[in-house]
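Notes for the structure review
Okay, here's what each chain looks like letter by letter:
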Amino acid sequence: MIRTLTLASVLAMLPAAANAQDAADTITASPDTATEMQTPHTGEATSLSELMGEKGIAVAFVRSADWCPYCQKQLKQIDDISANLNDLGWPLVAISYDDPEILSKFARKNSLGFELLSDPGSEAISAFNLLNEEMKPGSRYFGIPHPAIMFIGTDETVRAVLREEGYKDRPSLDLILQIAEQL
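Every value quoted in this text rests on a predicted model; they were computed, and no experiment measured them. (Residues numbered from 1 in each chain as written. Predicted model: local features only at pLDDT ≥ 70, side-chain atom pairs only at ≥ 80, totals over all residues. Heavy atoms only, no water.)

All right, on to the environment of Gln77 then. One can find Gln77 in helix 4 (residues 69–87). By relative accessible area, which is 37% here, Gln77 ends up partly exposed. Considering only alpha carbons, one finds Gln77 and Ser172, 95 residues apart in sequence, at a separation of 9.5 Å. (Helix = DSSP H or I, 4+ residues; strand = E, 2+ residues; numbered from the N terminus. Buried < 20%, exposed > 50% of the residue type's maximum accessible area, 1.4 Å probe, protein only.)

For the rest of this paragraph, the subject is unusual backbone geometry. Even without a glycine there, the phi angle at Ser122 is positive, about 60 degrees. Within the secondary structure layout, Ser122 lies in the loop between strand 6 (115–118) and helix 6 (123–127). One non-glycine residue, Asn129, lies in positive phi territory at about 55 degrees.

Below, the discussion takes up the packing of aromatic side chains. Applying the stated criterion to the full structure yields 4 aromatic pairs. When the ring of Trp67 is compared with that of Tyr141, the centres are 4.6 Å apart and the planes differ by 75 degrees; the resulting orientation is edge-to-face. Residue Trp67 is found in the loop between strand 4 (56–61) and helix 4, and its partner Tyr141 is found in the loop between helix 6 and strand 7 (148–153); the two are separated by 74 residues along the sequence. A centroid spacing of 5.7 Å and a plane angle of 75 degrees characterise the contact between Tyr70 and Tyr167, whose relative ring orientation is edge-to-face. Taken together, the residues span a long stretch of sequence, with Tyr70 in helix 4 and Tyr167 in the loop between strand 8 (158–162) and helix 7 (173–182) at a distance of 97 residues. The positively charged end of Arg63 is found above the aromatic ring belonging to Tyr167, 4.3 Å away from the centroid. (Phe/Tyr/Trp six-rings, centres within 6.5 Å; stacked < 30°, edge-to-face > 60°. Lys NZ or Arg CZ within 6 Å of the ring centre and 35° of its normal.)

Along strand 8, 4 of the 5 residues are buried, which leaves the element largely enclosed by surrounding structure. Where strand 7 lies against strand 8, 4 bridges are found, and the strand directions are antiparallel. In the strand pairing of strand 8, Met150 is matched with Val161. Following strand 7, the chain reverses through 4 residues before pairing antiparallel with strand 8; Glu156 in that reversal takes a positive phi of roughly 65 degrees. (Pairing = 2+ DSSP bridges.)

One pass over the structure, following the stated rule, counts 1 salt bridge. Residues Arg140 and Asp66 are paired through a salt bridge, measuring 3.5 Å at the closest nitrogen-oxygen approach. Of this pair, Arg140 sits in the loop between helix 6 and strand 7 while Asp66 sits in the loop between strand 4 and helix 4; the two residues are 74 residues apart in sequence, bridging distant segments of the chain. A residue is classified by how much of its surface remains accessible, and Asp66, at 38% relative accessible area, is partly exposed. (Salt bridge = Lys/Arg side-chain N within 4 Å of Asp/Glu carboxyl O.)

In structure tokens, the structure reads:
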């Protein structure tokens, strides 16, 4: 199911966003280590808290399922562990600035087993301090995040952040599962 983030969902997650930098300082992936939303098709409203599992939610911020081959590869690969994350109490969602139709088409084509969330205004991306400011307003790429995976606890605090230095590199699936098991 593809959903669209609303400003209300971002504002609800600001306590988690405020803690994102602290979490990023403590758990960061390196090359050496391996709210309310709306369903565009039905208008169904939901919140991130409704999507959370026993421990919270794992959120993958990706640049684009439309044009970024590294994001496309990551989304397909991370689907392999989405059930494991769910079993560990961390259901997986992915957020990008892509339109819901783009995400829906990508999810159907690749039979993804996790939620893709559209953040067309990049409010969540900005709230979590992930907005890539190298992209100029008005360009096709304005609004993309620096790729990251965040584990947000049921208390809406960021428990862990996995980021690589370059946009071509993503945290390994083993590392993602290891962090999920440790939290």
